[in-house]
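Residue-level listing of the chains:
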Amino acid sequence: MVKLMNYEGIIIGMGTFLLIGLLHPVVIKAEYYFGTKIWPAFLAAGIVCIVLSLFSSGRVLSPLLAVLGFSLLWSIKELFEQKQRVEKGWFPRNPNKKIFE
């Protein structure tokens, strides 16, 4: 009997890698343009993705939505750490950003 290979794990793994890699520059740009006050948007998007993953019947889509959701929640922590990295001079400060954080 010939078994077909199951590529779902590989697809989920690649998707996870790409989602986490994509969110790194998103956090940097979000802090640059909006500061840490944008964190509720990351929270809302993360919760929405996690809830959508619960109702998705896809064997690839559901885990990827969950990974995206939890990565967005983790990005909140990274957003505040990015602010510290900017204060240390490791990343450029936006000269046009209002400093009402």
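If you're wondering where the values come from, they're calculated on a predicted model, not measured in any experiment.

Asker: Before we move on, could you go through the overall build of the protein chain and cite the residues and values that matter?
Answerer: Within the protein chain one finds 3 helices and 0 strands. Mapped from its N terminus to its C terminus, the protein chain presents α and β elements in the order α-α-α. Against the globule reference of 13 Å for 101 residues, the protein chain gives a C-alpha radius of gyration of 17 Å, more extended than a compact globule. Along the first, second and third principal axes, the C-alpha set of the protein chain runs to 65 × 25 × 15 Å. Burial analysis of the protein chain (101 residues in total) assigns 30% to the buried set. For the protein chain, the share of sequence-separated contacts (at least 6 apart) that also reach a separation of at least 24 residues comes to 68%. As displayed, the protein chain has an accessible area near 7400 Å², and 72% of this comes from carbon and sulfur atoms. Where the 11 positive side-chain charges of the protein chain centre and where its 6 negative ones centre are 2 Å apart.

Asker: Describe the side chain of serine 71, and please don't skip the residues or the numbers.
Answerer: By the element assignment, serine 71 lies in helix H3 (residues 61–87). Judged by its relative accessible area of 11%, serine 71 falls in the buried class. Contacts of serine 71, omitting those with residues within four sequence positions, involve Ile20 and Leu23.

Asker: Can you tell me about the pattern of salt bridges, naming the residues and giving the values?
Answerer: Counted by the stated rule, this structure contains 5 salt bridges. Note that arginine 59 and glutamate 8 form a salt bridge whose closest N and O atoms lie 2.8 Å from each other. Residue arginine 59 is located in the loop between helix H2 (39–55) and H3, and its partner glutamate 8 is located in helix H1 (residues 8–34); the two are separated by 51 residues in the primary sequence. With relative accessibility at 59%, the residue arginine 59 sits in the exposed group. Lysine 77 is the salt-bridge partner of glutamate 81, the closest N and O atoms lying 2.6 Å from each other. Here the residue glutamate 81 and the residue lysine 77 both occupy positions in helix H3, the gap between them amounting to 4 residues, near one helical turn. Using a relative accessible area of 35% as the deciding quantity, one classes lysine 77 as partly exposed. The network of salt bridges with shared partners includes Lys77, Glu78, Glu81 and Arg85.

Conventions used here
Residues numbered from 1 in each chain as written. Predicted model: local features only at pLDDT ≥ 70, side-chain atom pairs only at ≥ 80, totals over all residues. Heavy atoms only, no water. Helix = DSSP H or I, 4+ residues; strand = E, 2+ residues; numbered from the N terminus. Rg over C-alpha atoms; globule rule 2.2 N^0.38 Å. Buried < 20%, exposed > 50% of the residue type's maximum accessible area, 1.4 Å probe, protein only. Contact = heavy atoms within 4.5 Å. Areas by Shrake-Rupley, 256 points an atom, 1.4 Å probe, with all protein chains shown as cover. Lys, Arg positive; Asp, Glu negative; His and termini not counted. Charge placed at Lys NZ, Arg CZ, Asp CG, Glu CD. Salt bridge = Lys/Arg side-chain N within 4 Å of Asp/Glu carboxyl O.

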